[in-house]
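The residues making up each chain are set out below.
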Amino acid sequence: MSHSAFAYVDGVLHAEGVSAVTLAERFGTPLFVYSRAALTEAYQAYAKACEGHRACVHVAVKANGNLAVLNVFARLGAGFDIVSGGELARVLAAGGQAKDIVFSGVGKSEDEMRQALDAGVKCFNVESIAELDRLNAVAGQRGKKAPISLRVNPDVDPKTHPYISTGLKANKFGVAFDEARSAYRAAAALEHLEVVGIDCHIGSQITEIAPYIDALDKLLDLVTQIEADGARIRHIDVGGGLGITYSTETPPETGLFVRTLLARIEARGHGHREVFFEPGRSVTGNAGILLTRVEFLKPGAEKNFAIVDAAMNDLARPAMYQAYHAIDPVVPRQDAPHVYDVVGPVCESGDWLGRERALAIEPGDLLAIRSAGAYSFAMSSNYNTRPRAAEVMVDGGEVHLVRARETVPELFAGESILPR
Ligand SMILES: *Cc1c(COP(=O)(O)O)cnc(C)c1O
């Protein structure tokens, strides 16, 4: 599944059964548009491949935390991977259950640990010895035993952008592979912790299976050693990170990816363990687009600019990772295209959304920025005092406003001026 929920009908881009022109007129721009069918299809590709196995899917909330999006997944039976107390609250508000939540992240505060313990999350993915000690202390105060896995850093290169590769020795994430066995011994000795699994997450936008197999093999070797030391590893969490097609990438199809990993785990004699997947981008990325309107065309000596009403505060990925998002006119014109840098109104040269794009456009035209369902609204900000965009979800021929556009007064409602 890539763009089939967002296709042209009679020369107009549609989201499922609804014209993008209608959406822009009704809700304004910039506007995030999600497709329930696309979210469902992407999630079901994981769930179907897991059928008949002791495997489950925890959707990574950080990719897209909108309550309606999380609720669609919760209705499909998904669990969730969270990285903050805020995300815990989101999942619960969206109809998810704590028993289906794994809690990841390098810097969990005592407060967040308390919230997660009281809610009763399934597992804490612990990333350091210091965190083991903190969690043990907090669990002791609450009279609880915290279920834990250690996030092991298998030191494999996922061949992705340096900012989104997380399983190398030089990354801040996880416990070093060589220290993992002793970290498990330390965990086993702590009274208020219960070792239940092992975890890794090697990066994001990974387009090959090989790095996963490398990481998995190392993890399974470690599991054997850890169990020889007396702990019991009930589950193996292989993390998230499967890539999507933004332009010409050809990631493995989800079903193949899942089946290959499960087969490897079974072939190596670990088929009795439960397997967790933590997809974010691959279940939400291509289920959303960002609609924006062309404000001005600005021809230049070296470059032509198309200045649009969306900006880096709405979609940070190009500015942050030089990420490519396809940009298509909502109502394509037959005129000859010109080459534009598509940029926003924010006062930063880094505020661009697409570079050197051949587009036949006029001021007032609508553009669709593709693949904006993951790390898009979730990373948006109010920089330049820009209210964050509205989000809608299309479901067949219906449209639901799932987050109202922010208003300017809301942006400084919590601020105050000095009394004198
Ligand atoms: C971000 C993250 C994910 C999801 O990654 P994607 O690349 O979006 O699939 C899964 N697990 C952990 C621990 C993460 O930090």
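Residues numbered from 1 in each chain as written. Predicted model: local features only at pLDDT ≥ 70, side-chain atom pairs only at ≥ 80, totals over all residues. Heavy atoms only, no water.

Considering the packing of helix α4 (residues 85–93) against helix α5 (residues 110–119)
- Packing of α4 against α5 brings their axes to within 9 Å, and their N-to-C directions diverge by 30°. Overall, the two elements α4 and α5 adopt an arrangement that is roughly parallel. Note on element contacts: α5 touches α4 through Glu112, Gln115, Ala116 and Ala119, opposite Gly85, Leu88 and Leu92.
- For the contact of α4 with α5, the residue count by class is 4 nonpolar, 2 polar and 1 charged. (Axes fitted to C-alpha atoms, helices over the stretch in contact; angles between N-to-C directions. Helix = DSSP H or I, 4+ residues; strand = E, 2+ residues; numbered from the N terminus. Parallel < 35°, antiparallel > 145°, perpendicular 65-115°, else oblique. Contact = heavy atoms within 4.5 Å. Nonpolar A, V, L, I, M, F, W, Y, C, P; charged D, E, K, R; others polar.)

Overview of the pattern of salt bridges
- One pass over the full model with this rule turns up 22 salt bridges.
- Among the ionic pairs, glutamate 406 bridges to arginine 388, the shortest N-O distance being 2.9 Å. Note that glutamate 406 is positioned in the loop between β21 (398–403) and α12 (408–411) and arginine 388 in the loop between β19 (366–369) and β20 (390–395), a separation of 18 residues in sequence.
- A salt bridge links arginine 403 to glutamate 406; its shortest N-O distance comes to 3.6 Å.
- Classification of arginine 403 by relative accessible area gives partly exposed; the value is 24%.
- The class for glutamate 406 is buried, based on a relative accessible area of 11%.
- In this structure, a network of salt bridges that share partners links the residues Asp217, Asp221, Arg264 and Arg268. (Salt bridge = Lys/Arg side-chain N within 4 Å of Asp/Glu carboxyl O. Buried < 20%, exposed > 50% of the residue type's maximum accessible area, 1.4 Å probe, protein only.)

Considerations on the pairing of strand β14 (residues 288–298)
- Sheet topology note: the strand β4 (residues 31–35)/β14 ladder contains 4 bridges and is antiparallel. By the bridge assignment, phenylalanine 32 is partnered in β14 with leucine 290.
- Two elements, β14 and strand β15 (residues 305–308), share 4 bridges in a ladder whose sense is antiparallel. The residue bridging leucine 297 from the neighbouring strand is alanine 306, located in β15.
- In this structure, the hairpin formed by β14 and β15 is closed by a connection of 6 residues. (Pairing = 2+ DSSP bridges.)

Quick word on the site of the ligand
- The environment of the ligand is made up of 14 residues, and the closest members are Lys62, Ser204, Glu278, Arg281 and Tyr375.
- Contacts to the ligand include histidine 201, whose side-chain N or O atom sits 3.5 Å from a nitrogen atom.
- Relative to its unbound accessible surface of 390 Å², the ligand loses 95% to contact with the protein.
- Broken down by class, the residue content of the shell around the ligand amounts to 3 nonpolar, 6 polar and 5 charged. (Near = heavy atom within 4 Å. Polar contact = N/O pair within 3.5 Å; in protein donor to acceptor, adjacent residues only side chain to side chain. Areas by Shrake-Rupley, 256 points an atom, 1.4 Å probe, with all protein chains shown as cover.)

Some thoughts on the domain arrangement of the protein
- Entries for the protein in the domain assignment read domain 1 (6–34 + 285–411) and domain 2 (36–283).
- One C-alpha centre belongs to domain 1, the other to domain 2, and the line joining them spans 32 Å.
- Taken together, the 24 residues of domain 1 in the interface contact 20 residues of domain 2.
- Surface buried jointly by domain 1 and domain 2 totals about 1900 Å² across both partners, of which 56% is contributed by carbon and sulfur atoms.
- Among the residues of domain 1 in contact with domain 2, Tyr321, Tyr375 and Met393 are the three that bury the most area, contributing 30% of the side total.
- Of the charged contacts, one joins arginine 36 and aspartate 395 as a salt bridge, the two residues approaching to 3.1 Å between their closest N and O atoms. (Domains from an automatic or database assignment. Buried area = accessible area lost by both parts, 1.4 Å probe.)

Concerning α5
- Taken together, the buried positions of α5 are occupied by Glu112, Met113, Ala116 and Leu117. The buried residues of α5 occupy one face: seen down the axis, they fall within an arc of 130°.
- Buried positions along α5 lie against α4, β7 (101–103), β8 (123–126), α6 (129–142) and β9 (146–153).
- Just downstream of α5 lies glycine 120, where phi reads positive at about 90°. (Arc of directions from axis to C-beta.)

Section: the nonpolar core
- Grouped together as the largest cluster of nonpolar side chains are 116 residues, with contacts concentrated most on Leu23, Val33, Phe124, Ile148, Ile198, Phe277 and Leu291.
- For this core, the element with the most residues is helix α8 (residues 210–228), which contributes 9 residues.
- In terms of domain composition, this core takes at least three residues from each of domain 1 (6–34 + 285–411) and domain 2 (36–283).
- If you look at the next biggest cluster of nonpolar residues, it comprises 5 residues, including Cys56, Val102, Cys123 and Val196. (Core = buried A, V, L, I, M, F, W, Y, C linked by side-chain atoms within 4.5 Å.)

Considerations on the side chain of serine 19
- Positionally, serine 19 belongs in strand β3 (residues 18–19).
- A distance of 3.0 Å separates the side chain of serine 19 from the backbone nitrogen of valine 21, its partner in a polar contact.
- Residues contacting serine 19, with those up to four places away along its chain left out, are Val12, Leu13 and His14.

Section: the sheet that holds β3
- Reading across from one edge, β1-β2-β3 is the order of the 3 strands in this open sheet, with antiparallel pairing throughout. Either end of the sheet is taken by a strand with one partner, and the two such strands are β1 (6–9) and β3.

A look at empty space enclosed by the protein
- Taken as a whole and assessed by the stated rule, the structure comprises 2 cavities of 30 Å³ or more.
- Here the largest cavity is characterised by a volume of approximately 40 Å³.
- By residue number, the principal contributor to the lining of the largest cavity is α8, which donates 3 residues.
- The class makeup of the residues in the lining of the largest cavity is 7 nonpolar, no polar and no charged.
- When its volume is computed, the second largest cavity comes out at roughly 30 Å³. (1 Å grid on protein atoms, 1.4 Å probe; cavity = no way out; pocket = protein on both sides within 12 Å on 5 of 7 lines; lining within 4 Å. Points joined across faces, edges and corners; volume = space filled by probe spheres on them.)

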